[in-house]
Amino acid sequence: MSTENLPQSPEQPSRKPRVAVVFGGRSSEHGISVVTAGAVLKAIDRTKYDVLPIGITQDGRWALTADEPERMAIIDRRQPSVDLLAESGEGGVILPVDPASREVVYSEPGSVPKALGEVDVVFPVLHGPYGEDGTLQGLLELSGVPYVGSGVLASAVGQDKEYMKRVFTSFGLKVGPYLVIRPREWQRDEPAARKKIVDFAGEHGWPLFVKPARAGSSIGITKVDDLSGLDEAIAEAQRHDPKILVEAALRGREIECGVLEFEDGPRASAPAEIPSPQAHAYYDFEAKYIDSTPGIVPAPLTPQETAEVQRLAVEAFEAVSCEGLVRADFFLTEDGEFVINEINTMPGFTPISMYPQMWQASGVSYPELVDRLVQAALRRSTGLR
């Protein structure tokens, strides 16, 4: 039975909302998720919220972790991990399975389970499969616990670049040429699947970008300049996802724009431009997170171009039925047209990431950004909405 409408004892002291910051996960973006969590833990207002850090190890164990943001950073080009932060190598955190209770429990083999108290909202800073793709969101919906960011459908569509592009197209947003090779297609007739890619290159020209269809942070992506590099690029993409995406190269400027949910609806940030990195073939993982190639914020666009990309970013947010936040990535082609490449429903969220930088340039500081996201989640209920 729900306790939502039961009278409360007048002696019961009020408490601060409790935020569980969930991070790590089983995807190849595990380390970046830990870095993001460190930034969120450092920024969240402890006078306003109680905070419970929960890390998911790469093998899927939910661990109680130290609340030590300084240990959640890339040091000497090495990424942090939940295993190094976990307070125990065996204990596990259990979320409630009854929507009438938000009690989180910690359990270790041979010990009596320990109640950690109720959680009012989850801030899931996971990137990639098993966290950003609707799986965790579905678990939280079943548990009846509000959470930051998009729901199950929007998270799943935002993770799968094929269906994301299909949704964009159906709403009239322009996307670049692309090709999808599904795992069954590859297994059934590998030479025919490879020929499809070669024919695609013949139609659109080299270079091509070969990507995992459901990964992020530029992990597993290869820029292929000619036929000789194709097989290696396919193998690298399939190492992260059996479904691969092939995109034609678009010539133009890379422009990003953030969307944030305010009380009156989604608004777009000042856009940013990603210049071509000097030491990298394109804006890959190393350029983003290791060498921290700086973006230009705000992007040097005309007022008309700025207004247009902001409009399109909000349209993309609405097309996928997103909530909370999105980073929308575009190309501004040589003929002056914006082509949407993708959205990220949980974009890179470290202080040096483009999403917080764009909102900083728009007058929203990193701590305020974190607070607005938590408040937006607290305003929403779980379930159909």
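In case you missed it, the structure is sitting above this.
Residues numbered from 1 in each chain as written. Predicted model: local features only at pLDDT ≥ 70, side-chain atom pairs only at ≥ 80, totals over all residues. Heavy atoms only, no water.

Peer 1: Can you help me understand the overall build of the protein chain in this one?
Peer 2: Looking only at helices and strands, the protein chain has 12 helices and 16 strands in total. The C-alpha radius of gyration of the protein chain comes to 21 Å, within 12% of the 21 Å expected for a compact globule of 385 residues. C-alpha atoms of the protein chain, sized along the principal axes, occupy 75 × 50 × 40 Å. In the protein chain, which comprises 385 residues, the proportion classed as buried is 54%. Put simply, 66% of the contacts in the protein chain that link residues at least 6 apart link residues at least 24 apart. Here the protein chain displays about 17,400 Å² of accessible surface, and carbon together with sulfur accounts for 51% of that area. When the 38 positive and 56 negative side-chain charges of the protein chain are each reduced to one mean point, those points stand 2 Å apart. (Helix = DSSP H or I, 4+ residues; strand = E, 2+ residues; numbered from the N terminus. Rg over C-alpha atoms; globule rule 2.2 N^0.38 Å. Buried < 20%, exposed > 50% of the residue type's maximum accessible area, 1.4 Å probe, protein only. Contact = heavy atoms within 4.5 Å. Areas by Shrake-Rupley, 256 points an atom, 1.4 Å probe, with all protein chains shown as cover. Lys, Arg positive; Asp, Glu negative; His and termini not counted. Charge placed at Lys NZ, Arg CZ, Asp CG, Glu CD.)

Peer 1: Is there a simple way to think about helix H1 (residues 30–43) in this case?
Peer 2: Think of an α-helix as turning once every 3.6 residues; residues three or four places apart then point the same way. In this model H1 runs 20 Å from its N-terminal to its C-terminal C-alpha over 14 residues, within 8% of the 20 Å that 1.5 Å per residue would give. Burial runs high along H1: 13 of the 14 residues are buried. (Expected span 1.5 Å × (residues − 1).)

Peer 1: Please clarify how the side chain of Ser 353 should be interpreted in this entry.
Peer 2: Structurally, Ser 353 is set in the loop between strand E16 (338–344) and helix H11 (354–361). Note on Ser 353: relative accessible area 9%, which makes it buried. Polar side-chain contacts of Ser 353 include one of 3.4 Å to the backbone nitrogen of Phe 349. (Polar contact = N/O pair within 3.5 Å; in protein donor to acceptor, adjacent residues only side chain to side chain.)

Peer 1: Can you walk me through the sheet that holds strand E1 (residues 18–24) in this structure?
Peer 2: Note on sheets: strands pair through backbone hydrogen bonds, and any given pair is parallel or antiparallel. The strand order across the open sheet built from four strands is E3-E2-E1-E7, with neighbouring strands paired in mixed fashion. Both edges of this open sheet fall to strand E3 (62–64) and strand E7 (121–124), since each of them pairs with a single strand only. Sheet twist, expressed as the mean angle between neighbouring strand axes with direction ignored, is 30°. Bridge analysis of strand E2 (residues 50–56) against E3 gives three bridges, and the strand direction is antiparallel. (Pairing = 2+ DSSP bridges. Axes fitted to C-alpha atoms, helices over the stretch in contact; angles between N-to-C directions.)

Peer 1: What's the story with the nonpolar core in this structure? I'm lost.
Peer 2: Side chains of nonpolar character tend, in soluble globular proteins, to be buried together. One finds Val 21, Phe 23, Phe 123 and Phe 349 to be the most contacted residues of the largest nonpolar core, which totals 35 residues. Going through the elements one at a time, E1, H1, helix H2 (82–85), E7, strand E12 (252–262), H11 and helix H12 (366–379) are the ones with two or more residues in this core. With near-sequence residues (within four places) excluded, Phe 123 lies in contact with Val 19, Ala 20, Val 21, Val 22, Val 40, Val 148, Met 346, Phe 349, Val 370, Leu 373 and Val 374. Grouped together as the second largest cluster of nonpolar side chains are 25 residues, Val 259, Ala 313, Val 326 and Leu 332 included. (Core = buried A, V, L, I, M, F, W, Y, C linked by side-chain atoms within 4.5 Å.)

Peer 1: Hey, could you run me through the pattern of salt bridges in this one?
Peer 2: If the charged atoms of two oppositely charged side chains come close together, the side chains can form a pair. Scanning all chains against the criterion turns up 31 salt bridges. The shortest N-O distance in the salt bridge between Glu 118 and Arg 15 comes to 3.4 Å. Of this pair, Glu 118 sits in strand E6 (residues 114–118) while Arg 15 is found in the segment before E1, placing the two residues 103 residues apart along the sequence. Taking relative accessible area as the criterion, Arg 15 reaches 46% and is therefore assigned partly exposed. Salt-bridge contacts for Arg 311 lead to Glu 308; the nearest nitrogen and oxygen are separated by 2.8 Å. One end of the pair is Arg 311 and the other is Glu 308, both in helix H10 (residues 303–319) and three residues apart, which spans about a single turn. According to the relative accessible area criterion, Arg 311 is partly exposed, its value standing at 40%. Several salt bridges share partner residues, and in doing so they unite Glu 141, Glu 261, Glu 323, Arg 380 and Arg 385 into one network. (Salt bridge = Lys/Arg side-chain N within 4 Å of Asp/Glu carboxyl O.)

Peer 1: Mind showing me how you'd approach the packing of aromatic side chains here?
Peer 2: The description of two aromatic rings rests on the distance between their centres and on the angle between their planes. According to the stated counting rule, one finds five aromatic pairs in the structure shown. On the numbers, 6.2 Å between centres and 80° between planes, the contact of Phe 330 with Phe 338 is edge-to-face. By the burial criterion, Phe 330 is buried, and Phe 338 matches it. Three or more aromatic residues joined by ring pairs form one cluster here, namely Phe 123, Phe 349, Tyr 355 and Tyr 366. Taking the ring centre of Tyr 178 as reference, the NZ or CZ of Lys 165 above it sits at 5.6 Å. Taking the ring centre of Phe 262 as reference, the NZ or CZ of Arg 267 above it sits at 4.0 Å. (Phe/Tyr/Trp six-rings, centres within 6.5 Å; stacked < 30°, edge-to-face > 60°. Lys NZ or Arg CZ within 6 Å of the ring centre and 35° of its normal.)

Peer 1: Quick question: what am I supposed to make of the packing of H1 against H12 here?
Peer 2: Two quantities define a packed helix pair, namely the angle between the helix axes and the distance between the axes. It is the contact of H1 with H12, at a shortest axis distance of 9 Å, that shows an interaxial angle of 95°. Accordingly, the angle class assigned to the pair H1 and H12 is roughly perpendicular. For the pair H1 and H12, contact is made by Thr 36, Ala 39, Val 40 and Ala 43 and by Tyr 366, Pro 367 and Val 370, respectively. In the contact of H1 with H12, the residues fall into six nonpolar, one polar and no charged. (Parallel < 35°, antiparallel > 145°, perpendicular 65-115°, else oblique. Nonpolar A, V, L, I, M, F, W, Y, C, P; charged D, E, K, R; others polar.)

Peer 1: Got a minute to help me understand unusual backbone geometry in this structure?
Peer 2: Apart from glycine, the bulk of residues carry a negative phi angle, and the bulk of peptide bonds sit in the trans form. Going from Trp 206 to Pro 207, the amide bond is cis rather than trans, its omega being 0°. Structurally, the position occupied by Pro 207 is in the loop between helix H7 (190–204) and strand E9 (208–212). The residue after Val 297, namely Pro 298, is reached through a cis peptide bond having omega -5°. Tracing the backbone through its elements, the reader meets Pro 298 in the loop between helix H9 (285–290) and H10. Phi angles above zero are rare outside glycine, and Asp 76 is one such case at about 55°. Among the structural elements, Asp 76 can be located in the loop between E3 and H2. Residues other than glycine seldom take positive phi values, yet Arg 77 does so here, at roughly 65°. If you trace the backbone, Arg 77 turns up in the loop between E3 and H2. Given the relative accessible area of 53%, Arg 77 is considered exposed.

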